[in-house]
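# Geometric and topological summary
Given next are the chains, with one letter for each unit.
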Amino acid sequence: MVAKADINFQKDLFDAATNMRGSVAPADYKHYVLPLIFLRYLSNRYDMRKDEIDNLVKDPKSDWYASDEETKQIIKEDPDMYMSENVYVVSEESRWSYILKNAKQPNIKEILDNAMKRLEEENPDLEGMLPRIFQGSNLPAENVSGLIEIFSRDIFSVNDERSVDVLGRVYEYFISEFASTEGQRGGEFYTPYSVVSLLVRMLEPIKGTVFDPACGSGGMFIQSEEYSPRRHGLSFYGQENVTTTARLGKMNVLLHGLNADMRLGNSLLDDKFPDLKADYVIANPPFNQDGWGAERISSDDPRLIGPVTNSNANYMWMQHFFHHLNDTGSAGYVMANGAMTTNQRGEKPVREWFVDNGYIDCIVALPEKLFLSTGIPCCLFFLSKNRDGKGEYQERKNEILFIDARQKGSLVSRKQKALSEEEIEEIANVYHNFKLDRKKVEDVAGFCKVASINEVKENDYKLTPGIYVGTEEVEDDGIPFEEKMEELRTKLLKQFEESIRLQEKIKKDLEEIT
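In this numbering scheme, every chain counts its residues from 1 along its sequence in written order. It should be noted that, the model being predicted, local features are given only for residues of pLDDT at least 70 and side-chain atom pairs only at 80 or more, the latter also being counted only at that level, while totals for whole chains, interfaces and linings use all residues. For the side-chain quantities, the full set of heavy atoms in the structure was used; hydrogens and water were omitted.

Under an unreviewed UniProt entry, the name given to the protein chain is site-specific DNA-methyltransferase (adenine-specific), and the source organism is Jeotgalibacillus malaysiensis. UniProt positions are given in the numbering used here, feature names are shortened, and annotations may be inferred rather than shown by experiment. Annotation of the protein chain in UniProt includes, under Sequence similarities (unreviewed entry), the sentence "Belongs to the N(4)/N(6)-methyltransferase family." For the protein chain, the Catalytic activity (unreviewed entry) comment in UniProt is given as "a 2'-deoxyadenosine in DNA + S-adenosyl-L-methionine = an N(6)-methyl-2'-deoxyadenosine in DNA + S-adenosyl-L-homocysteine + H(+)".

Written as structure tokens, this is what we have:
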């Protein structure tokens, strides 16, 4: 079994890297560090393949065996020998060995920019991914040397078979840490791991096409691939509106061995995949975008099933997701809580349409503080075109599963919560049972309930799980109310007395000091 980088190792590495930041703004620093990890990864992959080819040309049993040195050299330098194994060609001046050899040179920043440039020239697929920003930066050359030394540690050595796996995990860890340090801005390119995990575990992408039109750093693709039991059983398509984020996402998926088609552009106003019909849409779009350009959406836009409003893009995103599902596809996405109850003329009719036509499969209310970008609670919407009982799932077109998970999660830092594995499993299992065997779903007060479409209509199409699941039943401890009240009153009075005593003590201590 291949060993994986452990958390302490990754944290130590991140701390060491951030010590080299100098006067570069925290939000910009990731654009120097992450491409270096990517460069190291490409170089390692190239060197590993080069060693393989070297052995092939020497092995008489190999189809690539060559008896003369000139032919051996031609085979070893043939780009197709690398590209056929999805390995990018890395020229001498882009290889990590060359960069490490020149790390102490005063022009190391120029050397790095040239390395990035040569990589893109040799590999058109990488065009636009590797910015030449080192030479024009105020990052001191000695700090750049320090970063190179950090990523030259033994664990990243090409001689260590774990290095490729470790580099992918380190890159992902660095993205999450950079997002955490950037706070609200970090949420624009990174969705917390436990939220992505919950979406993936509920949707269960095993084979087919996965589409994320707000793909950020590509986390949905990576966890989907890890979930699927079939290696490369999924194909990935994504769109991202921010150039620098798109670069990070492309590097991230390549570092994890995925070949996702990720395109740059505004999904709502410039759909780069107009004809794509996916098995799964999974996304965390920007919340509550106003002034997003609704006036540029044509009235005959094929995505529209209802009105749009420029005051909020939430329901345009939903129409976009729904349009890109194939006839049996399902979508799971993060949404602001307001979308569950909005009465806006440009939003509510779309929600009514989804309910009336039986496409809303499940709603999950999430606990607060799960996201870096906002402290307000959010929810998950699940849409499905596979609710008529004709496929592998049972008929459930006239019902919606509501899950209230607001009491789940625990703090992992002062400002952020995360869902545990057990909680994710619990929520996902309820949804799976709802899809596969309705009899296994029992209504649990305060947690989950299957409500009929008519019940939802009676509640004015409101989709807040709390309306349907009610409150959790509290076990009666048998103690009379009067007795409990007296106990609480006594406890409170004692706390008041203690508070007065502490105040007097603090006053006295301050007087002695002054």
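Okay, the overall build of the protein chain next. Numbering goes from the N terminus for both helices and strands, where a helix is a DSSP run of H or I of at least four residues and a strand is a run of E of at least two. Per the secondary structure count, the protein chain includes 17 helices and eleven strands. Here the C-alpha coordinates of the protein chain stretch approximately 95 × 80 × 50 Å along the principal axes. Type-normalised accessible area, obtained with a 1.4 Å probe on protein chains alone, sets the label of each residue: buried when under 20%, exposed when over 50%, and partly exposed for intermediate values. Within the protein chain, buried positions represent 50% of all 514 residues. Only heavy atoms matter for contacts: two residues are in contact if any of them lie within 4.5 Å across the pair. Taking the contacts inside the protein chain whose residues are at least 6 apart along the sequence as the reference set, 72% of them involve residues at least 24 apart. On the protein chain, roughly 25,400 Å² of surface is accessible, and the fraction owed to carbon and sulfur atoms is 47%. In summary, the charge assignment counts Lys and Arg as positive and Asp and Glu as negative, without counting His or the chain termini. To locate a charge, the coordinates of NZ of Lys, CZ of Arg, CG of Asp or CD of Glu are taken. Put simply, the protein chain has 63 plus and 87 minus side-chain charges, and the middle of one group is 1 Å from the middle of the other. In this description, accessible areas are obtained by the Shrake-Rupley approach with a 1.4 Å probe, and a residue is regarded as covered only by the protein chains that are shown.

Let us look at unusual backbone geometry. Even without being glycine, Asp460 reaches a positive phi, approximately 60°. One can find Asp460 in the loop between helix H15 (453–458) and helix H16 (465–469). Among the residues examined, Asp460 registers a relative accessible area of 31% and is labelled partly exposed. The phi torsion at Tyr461 lies on the positive side, around 65°, for a residue other than glycine. By the secondary structure assignment, Tyr461 is in the loop between H15 and H16.

Okay, the nonpolar core next. Core analysis: the biggest nonpolar cluster contains 65 residues, and Ile37, Phe38, Leu147, Phe151, Phe156 and Phe174 have the highest contact counts within it. Here the limits of each domain have been adopted from an automatic or database domain assignment. Both domains that meet at this core, namely domain 1 (6–181) and domain 2 (186–467), each give it at least three residues. Residue contacts for Ile37: discarding those within four places in its chain leaves Phe151, Leu167, Val170, Tyr171 and Phe174. Nonpolar core, defined: a set of buried Ala, Val, Leu, Ile, Met, Phe, Trp, Tyr and Cys residues in which side-chain atoms within 4.5 Å join the residues together. Counting 43 residues, the second-largest nonpolar core is a separate cluster that includes Val196, Met220, Phe221 and Val450.

Okay, the environment of Ser84 next. Looking at the secondary structure, you find Ser84 in the loop between helix H4 (79–83) and helix H5 (96–101). One polar contact links the side chain of Ser84 to the main-chain carbonyl oxygen of Met81, over a distance of 3.4 Å. Polar contacts, as counted here, are pairs of nitrogen or oxygen atoms within 3.5 Å of one another; within protein the pair requires one atom able to donate a hydrogen and one able to accept it, and residues that are adjacent in sequence qualify only if both atoms are side-chain atoms.

What follows covers the pairing of strand E8 (residues 399–404). Both faces of the sheet carry side chains from a regular strand, because those side chains alternate between them. By the criterion of burial, E8 is predominantly enclosed, with five of the six residues buried. Of the pairings in the sheet, the one linking strand E6 (residues 360–365) to E8 comprises four bridges and is parallel in character. Considered in E8, the bridge of Cys362 is made with Leu401. Strand pairing is defined by DSSP finding a minimum of two bridges between the two strands. Pairing of E8 with strand E11 (residues 448–452) involves five bridges; the strand directions are antiparallel. By the bridge assignment for E11, Ile400 is matched with Ala451.

Moving on to the pattern of salt bridges. By definition here, a salt bridge exists when the distance from a side-chain nitrogen of Lys or Arg to a carboxyl oxygen of Asp or Glu is within 4 Å. Scanning the model with the defined rule gives 33 salt bridges in all. Salt-bridge contacts for Glu52 lead to Arg49; the nearest nitrogen and oxygen are separated by 2.9 Å. Of this pair, Glu52 and Arg49 are both found in helix H2 (residues 26–58), three residues apart, which corresponds to roughly one turn of the helix. Two residues, Asp54 and Lys76, come together in a salt bridge whose shortest N-O distance is 3.0 Å. Of this pair, Asp54 sits in helix H2 while Lys76 sits in helix H3 (residues 69–76), placing them 22 residues apart in sequence. A single salt-bridge network, built from bridges that share partners, covers Glu93, Arg118, Glu121 and Glu122.

Under the UniProt annotation, "domain: N6 adenine-specific DNA methyltransferase N-terminal" (unreviewed entry) lies at residues 10–149. In residues 10–149, the share of helix is 61% and the share of strand is 0%. The end C-alpha atoms are 15 Å apart.

This brings us to the packing of aromatic side chains. For this analysis, a ring pair means two rings from Phe, Tyr or Trp (six-membered ring only for Trp) whose centres lie within 6.5 Å, classed as stacked if their planes differ by under 30 degrees, edge-to-face if by over 60, and tilted for the remaining angles. Taken as a whole and judged by the stated rule, the model has 23 aromatic pairs. Plain terms: the ring middles of Phe14 and Phe174 are 5.1 Å apart, the flat faces sit at 85° to each other, and that makes the pair edge-to-face. Taken as a pair, Phe14 in helix H1 (residues 7–18) and Phe174 in helix H8 (residues 163–182) lie far apart in primary sequence, 160 residues in all. Comparing Phe14 with Phe174, the two get one shared label, buried. When the ring of Phe322 is compared with that of Tyr359, the centres are 4.7 Å apart and the planes differ by 65°; the resulting orientation is edge-to-face.

A separate point is the packing of H2 against H3. Contact pair H2 / H3: the axes reach a minimum separation of 10 Å and the direction vectors enclose 145°. Seen along the crossing, H2 lies across H3 with a hand that is right-handed. The residues of H3 that touch H2, namely those facing Ile53, Asp54, Val57 and Lys58, are Lys72, Ile75 and Lys76. When grouped by side-chain class, the residues that make up the contact of H2 with H3 number three nonpolar, no polar and four charged. Every angle, taken between N-to-C directions, lies between 0 and 180 degrees, and every axis is a line fitted to C-alpha atoms, over only the stretch in contact when it is a helix. Crossing handedness is read from the near helix: turned anticlockwise from the far helix by less than a right angle, it gives a left-handed crossing, and turned clockwise, a right-handed one. Classes in brief: Ala, Val, Leu, Ile, Met, Phe, Trp, Tyr, Cys and Pro nonpolar; Asp, Glu, Lys and Arg charged; the others, Gly included, polar.

This brings us to the sheet that holds strand E2 (residues 234–240). One open sheet accounts for nine strands, arranged E3-E2-E1-E4-E5-E7-E6-E8-E11; its pairing is mixed. Where the open sheet ends on each side, the last strands, each with one partner, are strand E3 (261–264) and E11. If you compare each strand with its neighbour and ignore which way they point, the axes differ by 15° on average. As paired strands, E2 and E3 are joined by four bridges and run parallel to one another. Each bridged residue has a counterpart across the sheet, and for Glu240 the counterpart in E3 is Leu264. Relative to the sheet, helix H12 (residues 314–323) contacts strand E1 (208–212), strand E4 (278–283), strand E5 (325–336) and strand E7 (378–384), its axis offset from that of E5 by approximately 155°.

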